[in-house]
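# Tertiary structure, described
Residues per chain are reported as follows:
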Amino acid sequence: MDVRQWNLSFGSQSGGGLSSHQFSVGLAEIRVVNGPTLLECQGIGSCIAVIAYDAHACVSGVAHIILPKRLPSSSSDRPGTFMDTAVEYLLNELVKAGAVAERLKWAYAGGSDFVHLASGASLPALELGRRNSEAAKSELSRLGAEVVGNDTGGTTGRDVSFCTADGDVKVRTVHEGEKTICNLQ
Amino acid sequence: MQPAVSHGDRPRLPIQAILRQTQDLPVLPGAIMRVIQLTGNSDATSRAIADAIGMDQAVTAKVLRLANSSFYGLPRKVTSLQEAVILLGFRTVRLIAMVAGTFTWMTRPLKGYDLPPRQLMRHSMGLALGAQMIARIGQFDPEEAFVAGLLADIGKIAIDNCIDGKISLMMQLGIKGGMTFEDVERTVLGHTHSEIGAHMAENWNLPQEIVEGIRWHHNPLGSGNSWLAHAIHLADVLAMVTGYGLGGDGLQYQLCEESLEICRVSAEDFDGLVEQFVGAVLHGEALLEGMG
Ligand SMILES: [Fe+2]
């Protein structure tokens, strides 16, 4: 299945053409579903999609996370914005929906950065994709999450999807097409 | 299909020839051109702006729909252009008119760039709102930044057909060769979407600063020292990292670090800028909610 939708609405919520079990998870959004579903994040750049699934309870969730950590100046009230609040929030919501924390399997994808020519060493502050990938890794490890796969780095956009029907986490890029990065069953 | 490899002696099609190949080449409605010119005029009155937009019924209907969106939260429904200008101010109505006048072709899918319907519009709104936000920080002209940001990627519409089916190879070429997507466009087509967009804006008689802002949005140092090119560049950086209307060209571009200093933001504030940008674009989605 091609995960890219050609009939998206402007908003981040699921738009026209998506079935009732299919959700497009937009910027800073966290979506948890109890039951069969197809969850998608379209056009991930430096952001990270964190995905979790308890196959036994059939509870799954995705967070579309923008930044590694909440800043002193932050005014966003969306917990999905920051890695240091989003993953824990997602975990709590999954448990509330009937998942058992120890049974959850996790994956994450995203974290692209701009092209850096060999001569143009960049400021780490501008390498948001790399910092996001590292934050995902350490936050998931802090929470004792069982991470079964990830796909990060590079310079391309990614469409990331998870489907309860087969448990596959898929990533699509224009130059490599669609590939399954891991299975959360 | 043409091979996506470099030919030093490959004949370059002139931009005019490329534009002639494009069916449905975007046209800026005459009413919008007039509105842009009017704003530079200090004598511009509500009536003159309203009259200019009013010449085009299709644009007028869209302007009223945008003015009545929850984005502006007007206390009552606006039913005439003059009312809109009185309640929102002519600066705001000028921006709304730009969105209305470009909406039809901005919402078309660009198959070549792997952009589904409406994604170019989302990306362009991201550049418009992002450039406006950065202009406010740097104390530049936010309205001019909005207009130039909105139009920065119009060149993609003109060359989408030329790269249809090639984007996968073009990205492979960029990744393997360490080239930016603009380098790849130049290799495959002889021109970049920025150059072609600038050419289109020139044909529409848009102000020279806007033309140059479009031309240099991926390489703002080339503009001399146009703050506008740097502001659009940073807005584009923010739109790309957040994947806002991200196309198949992904993040296959260079980030110009000098743009930060010119726009008076520090690299340490980058995450704060990203957060602010996301707030602005999510809020901005309310503007287009009634546009079907
Ligand atoms: Fe561009």
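Residues numbered from 1 in each chain as written. Chains lettered and ligands numbered in written order. Predicted model: local features only at pLDDT ≥ 70, side-chain atom pairs only at ≥ 80, totals over all residues. Heavy atoms only, no water.

We now examine the overall build of chain B. When helices and strands are counted, chain B shows 16 helices and zero strands. What you see for chain B is a C-alpha radius of gyration of 19 Å, in line with the 19 Å of a compact globule of 292 residues. For chain B, the C-alpha atoms occupy an extent of roughly 60 × 45 × 35 Å along the three principal directions. The buried share of chain B, taken over its 292 residues, is 62%. The contacts in chain B between residues at least 6 apart in sequence include a share of 69% that link residues at least 24 apart. Carbon and sulfur atoms form 50% of the exposed surface of chain B, whose accessible area is close to 11,000 Å². Of the side-chain charges in chain B, 22 are positive and 31 negative, and the distance between the mean point of each set is 8 Å. (Helix = DSSP H or I, 4+ residues; strand = E, 2+ residues; numbered from the N terminus. Rg over C-alpha atoms; globule rule 2.2 N^0.38 Å. Buried < 20%, exposed > 50% of the residue type's maximum accessible area, 1.4 Å probe, protein only. Contact = heavy atoms within 4.5 Å. Areas by Shrake-Rupley, 256 points an atom, 1.4 Å probe, with all protein chains shown as cover. Lys, Arg positive; Asp, Glu negative; His and termini not counted. Charge placed at Lys NZ, Arg CZ, Asp CG, Glu CD.)

What follows is about the interface of chain A and chain B. Counting residues at the interface gives 41 residues for chain A and 45 residues for chain B. Both faces considered, chain A and chain B share a buried interface measuring about 3,700 Å² in area, 65% of it formed by carbon and sulfur atoms. The tally of links between chain A and chain B comes to 11 residue pairs in polar contact (both at pLDDT 80 or more). Elements with a contribution of two residues or more to the side of chain A that touches chain B: strand S3 (38-44) and helix H2 (128-142) of chain A. By residue class, the composition of the side of chain A that touches chain B is 20 nonpolar, 16 polar and five charged. (Buried area = accessible area lost by both parts, 1.4 Å probe. Polar contact = N/O pair within 3.5 Å; in protein donor to acceptor, adjacent residues only side chain to side chain. Nonpolar A, V, L, I, M, F, W, Y, C, P; charged D, E, K, R; others polar.)

Before going further, it helps to examine the coordination of the iron ion. Residues and elements named next belong to chain B. Asp153 (OD), His193 (NE2), His217 (NE2) and His218 (NE2) make up the full set of protein donors to the iron ion, lying at 2.1 to 2.2 Å. In this structure, the iron ion is coordinated by four donor atoms arranged in irregular fashion, with angles at the metal of 85 to 176°. Motif for the iron ion, donor spacing along one chain: D-x39-H-x23-H-H. On the criterion of sequence distance, the pair formed by histidine 193 in helix H12 (residues 193-203) and histidine 217 in the loop between helix H13 (208-215) and helix H14 (227-241) is long-range, its members being 24 residues apart. Note on accessibility: histidine 193 and histidine 217 belong to one class, buried. (Donors = N, O, S within 2.8 Å, 3.2 Å for Na, K, Ca; no water. Tetrahedral: all angles 85-135°; square planar, octahedral: opposite > 155°, others 65-115°.)

Quick look at the packing of helix H7 (residues 119-138) of chain B against H14(B) now. All names here are of chain B. In contact at an axis separation of 8 Å, H7 and H14 are set at 125° when each is read in the N-to-C sense. As summarised for this structure, H7 and H14 are arranged oblique, according to the angle between their axes. Note that H7 runs across H14; the crossing there is right-handed. The segment H7 lies against H14, with His123, Leu127, Gly130, Ala131, Met133, Ile134 and Ala135 engaging Trp227, Ala231, Ile232, Leu234, Ala235, Asp236, Leu238, Ala239 and Met240. (Axes fitted to C-alpha atoms, helices over the stretch in contact; angles between N-to-C directions. Parallel < 35°, antiparallel > 145°, perpendicular 65-115°, else oblique. Left-handed = near helix turned anticlockwise from the far one by under 90°.)

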